[in-house]
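One-letter residues, chain by chain:
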Amino acid sequence: MGRIAHLAGPALALVAASCTPAERPPNILLVVVDSLRADRLHHAGDPRPLTPSMDQVAAAGTRFAHAYAAAPWTTPSVMTLFTGLHPASHHVDGNDRSLHPSVRTLAQRLSAAGYATAAVMPALTLADHFGFDRGFDRFIYEAQGHARVSGPWSVNHVLEFLRDQGEGPWFAYVHLWDVHYNYNPPVPYSIRFQAGRPPGEGESDDVTALVMDPGGSPPLPADRLAWLEGQYAGEILFTDEQVGRLLDALRDRGLERDTLVVITADHGEAFQEHGVMGHTVHLYEEMVHVPLLLRWPGRVEAGRVVERPVGLVDLAPTLLELAGVPVPADALDGRSLVPLLSGPDPAPGDDTPLLLSTSRRASWRGLRAGHTAYLYDLAAGREELYDLVADPGQQRNLAGERSQEAAAWRGRLCQRLARPAPGGEIPIAPLDDDIRVALEAGLRGLGYVGPVRSGGEGARTQDPSAERQRLLAALACEDAAP
């Protein structure tokens, strides 16, 4: 059974039936759709036919109904996906840091195991300076900005990579950027889901301006909000068709059964559910709940829906196990999801809490487990507790009336944040000043650099232990030993 032979337990059960002596590990196509909320996929409940291609993947594979990004913006979220480490461990949680060379990425591990590797990165938040290029034979990067339609460009590069591959396994990462604000879908997608009204005199569809207002812009009227959401929906449909091009290419090249397809998002998108547009500044469901679909015909169960909350931090160990690449159990923050791909789904309340964070233009930490979300605003020193069954929109903060329960959740958060990275402390690697200044100039135009909406962590440091202690102090943690 070749290199898959050392998979054990549920993973072995998934692959054993169709393995042959000549079988090689799967190709891996990892598609990340920027800013795609989990609740905007048709199979997840949106009544509009926004995602026919992704719906097909969900029907032919396994869907994780409650998957979460580690952070509500691209750089730390994708770095968590690449490393299996939370931002508190890998430290790439701002515009001023790179991944330390001691950390091995998913691409590096797969490359060392014989995979040909390629990544297509159309956004400044995914620049090689952060360390995203490590382990890729081809790293195709060009910051597209808001004005360009980039999905076809990204997919074309992946198709070119596929044309060049021989018999060996390959790993292709493609980041589809168009769903990100501003919402400018091409015709006819721009008129497919129109609602509300377009901007009138003195109005604008520039979401960047709304994101950059630190005081919180006056709420958009319902008709203007509906218009923007309709354009966002058009972007999703357009991007779904680009996903369809990739799926068609796998089928046409006879690669469908040999390829593990993974579709997810780096974060969600807010439409004033909690007073803001876009993403980055808080940890509510609309910004961190993302889709997660896995399809591998004959190996991953078709039509399966897993209700247990999981994180993008779990994706690297999952893909490595399915590829037959061993990783020490204590080397990553994430855990393999392979056991959830077969057998009974564990009860939602039985899982270890997922850690959520954002440190750019805001300062929040939180935990998500079972049906509960616990959030802490470090700037205000305020905690929030939500029952996501009774209140999925997180409009009723229960921390006051359930003070003991909230205190217990804060204790769990303190204990989690007190732990250093698995395998030992990872040094912080600051970006060169010239590179940092150049990156921030570009990021300012995307609405990512500007007045801070809320702070609370104190000055950033290059000492990970000191940074952790400062964070614990901001949380007023007591006796938070690892």
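Scroll up to find the structure this text is about.
Parameters at a glance
- Chains are numbered independently. Their residues run from 1 in the order of the written sequence.
- Where local features are concerned, this predicted model is filtered to residues with pLDDT of at least 70; where side-chain atom pairs are given and counted, the filter is 80 or more; whole-chain, interface and lining totals use all residues.
- Hydrogens and water molecules were not included; the side-chain quantities draw on all heavy atoms of the structure.
- For this analysis, a ring pair means two rings from Phe, Tyr or Trp (six-membered ring only for Trp) whose centres lie within 6.5 Å, classed as stacked if their planes differ by under 30 degrees, edge-to-face if by over 60, and tilted for the remaining angles.
- Three exposure classes are used, based on accessible area relative to the maximum for each residue type with a 1.4 Å probe and protein chains only: buried under 20%, partly exposed in between, and exposed over 50%.
- Under the DSSP-based scheme used, a helix requires at least four consecutive residues in state H or I and a strand at least two consecutive residues in state E, with every element numbered from the N terminus.
- The rule for a charge over a ring is simple: NZ of Lys or CZ of Arg within 6 Å of the ring centre, and within 35 degrees of the ring normal.
- Definition of nonpolar core: a set of buried residues of the types Ala, Val, Leu, Ile, Met, Phe, Trp, Tyr and Cys, connected through side-chain atoms within 4.5 Å.
- Only heavy atoms matter for contacts: two residues are in contact if any of them lie within 4.5 Å across the pair.
- Buried and open spaces are told apart on a 1 Å grid over the protein atoms alone, a cavity being a set of points where a 1.4 Å probe fits but cannot get out and a pocket being an open set with protein on both sides within 12 Å along at least five of seven lines. Residues with an atom within 4 Å of a point are the lining residues.
- Grid points are joined across faces, edges and corners, and a volume is the space filled by probe spheres set on the points.
- Classification convention: Asp, Glu, Lys, Arg as charged; Ala, Val, Leu, Ile, Met, Phe, Trp, Tyr, Cys, Pro as nonpolar; all other residues, Gly among them, as polar.
- Pairing between two strands requires that DSSP report at least two bridges joining them.
- Lines are fitted to the C-alpha atoms to define the axes, a helix being fitted only along its stretch in contact, and any angle between axes, read from their N-to-C directions, falls within 0 to 180 degrees.
- Salt bridges are defined by distance alone: a side-chain nitrogen of Lys or Arg within 4 Å of a carboxyl oxygen of Asp or Glu.

1. Points about the packing of aromatic side chains
Now for step 1: Across all of its chains, the model carries 14 aromatic pairs by this definition.
Now for step 2: Ring geometry for Phe 136 versus Phe 139: centroids 6.4 Å apart, planes at 40°, classification tilted.
Now for step 3: The class of Phe 136 is buried, set by a relative accessible area of 10%.
Now for step 4: The class for Phe 139 is partly exposed, based on a relative accessible area of 22%.
Now for step 5: Ring geometry for Tyr 183 versus Phe 271: centroids 5.8 Å apart, planes at 35°, classification tilted. Separated by 88 residues along the polypeptide, Tyr 183 in the loop between β7 (170-176) and α7 (189-192) and Phe 271 in strand β9 (residues 270-271) bring together distant segments of the chain. Exposure class is identical for Tyr 183 and Phe 271. Each is buried.
Now for step 6: Each residue in the set Phe 82, Phe 130, Phe 132, Phe 136, Phe 139, Tyr 141, Phe 171 and Tyr 173 is aromatic and connected to the rest through ring pairs, giving one cluster.
Now for step 7: Over the ring of Phe 193 we find Arg 48, and its NZ or CZ is 5.9 Å from the ring centre.
Now for step 8: Sitting over the ring of Trp 409, Arg 412 keeps its end group 4.4 Å from the ring centre.

2. Here we look at the nonpolar core
Now for step 1: Residues Phe 64, Phe 171 and Tyr 173 are the most contacted members of the largest nonpolar core, which totals 111 residues.
Now for step 2: Element by element, the count of residues in this core is highest for helix α9 (residues 222-252), at 13 residues.
Now for step 3: Apart from residues lying up to four places away in sequence, Tyr 173 is in contact with Leu 30, Val 32, Val 78, Phe 82, Ala 118, Ala 119, Val 120, Met 121 and Phe 136.
Now for step 4: Counting residues in each nonpolar core, the second largest holds 19 residues, with Ala 369, Tyr 376, Leu 378 and Trp 409 among its members.

3. Describing helix α11 (residues 315-322)
Now for step 1: In terms of residue burial, α11 counts as a mostly covered element, since 7 of its 8 residues are buried.
Now for step 2: Of all the positions in α11, only Leu 315, Ala 316, Pro 317, Thr 318, Leu 319, Leu 320 and Leu 322 are classed as buried.
Now for step 3: Those residues of α11 hidden inside the fold are in contact with β1 (27-33), α3 (74-83), α5 (106-112), β8 (259-265), β12 (292-295) and β14 (310-311).
Now for step 4: Count one or two residues on from α11 and you reach Gly 324, which has phi positive near 75°.

4. Quick notes on empty space enclosed by the protein
Picture a little ball the size of a water molecule; that probe, rolled over the atoms, points out where space is still empty.
Now for step 1: Taken as a whole and judged by the stated rule, the model has 4 cavities of 30 Å³ or more.
Now for step 2: Space inside the largest cavity adds up to approximately 90 Å³.
Now for step 3: Along the walls of the largest cavity sit Gly 145, His 146, Ala 147, Arg 148, Val 149, Trp 177, Asp 178, His 180, Tyr 181, Asn 182, Asn 184 and Glu 235, which together make up its complete lining.
Now for step 4: Residues belonging to the lining of the largest cavity are distributed by class as follows: 4 nonpolar, 5 polar and 3 charged.

5. Considerations on the sheet that holds strand β17 (residues 372-377)
Now for step 1: Spatially, the 4 strands line up as an open sheet ordered β15-β16-β17-β18, and their pairing is antiparallel. Of all strands in the sheet, those bounded by a partner on one side alone are β15 (354-358) and β18 (382-387). Taking the axes of each pair of neighbouring strands and ignoring which way they run, one obtains an average angle of 15° across the sheet.
Now for step 2: Bridge count between β17 and β18: 6 bridges; the pairing is antiparallel. What sits directly across from Tyr 374, in β18, is Leu 385.

6. Brief notes about the pattern of salt bridges
Now for step 1: By the definition in use, this model includes 27 salt bridges.
Now for step 2: Here Asp 39 makes a salt bridge to Arg 37, at a shortest N to O gap of 2.9 Å.
Now for step 3: The salt bridge involving Glu 256 is made with Arg 295; its shortest N-O contact spans 3.7 Å. Residue Glu 256 is found in the loop between α9 and β8, and its partner Arg 295 is found in strand β12; the two are separated by 39 residues along the sequence.
Now for step 4: Judged by relative accessible area, Glu 256 falls into the partly exposed class, the value being 30%.
Now for step 5: A residue is classified by how much of its surface remains accessible, and Arg 295, at 6% relative accessible area, is buried.

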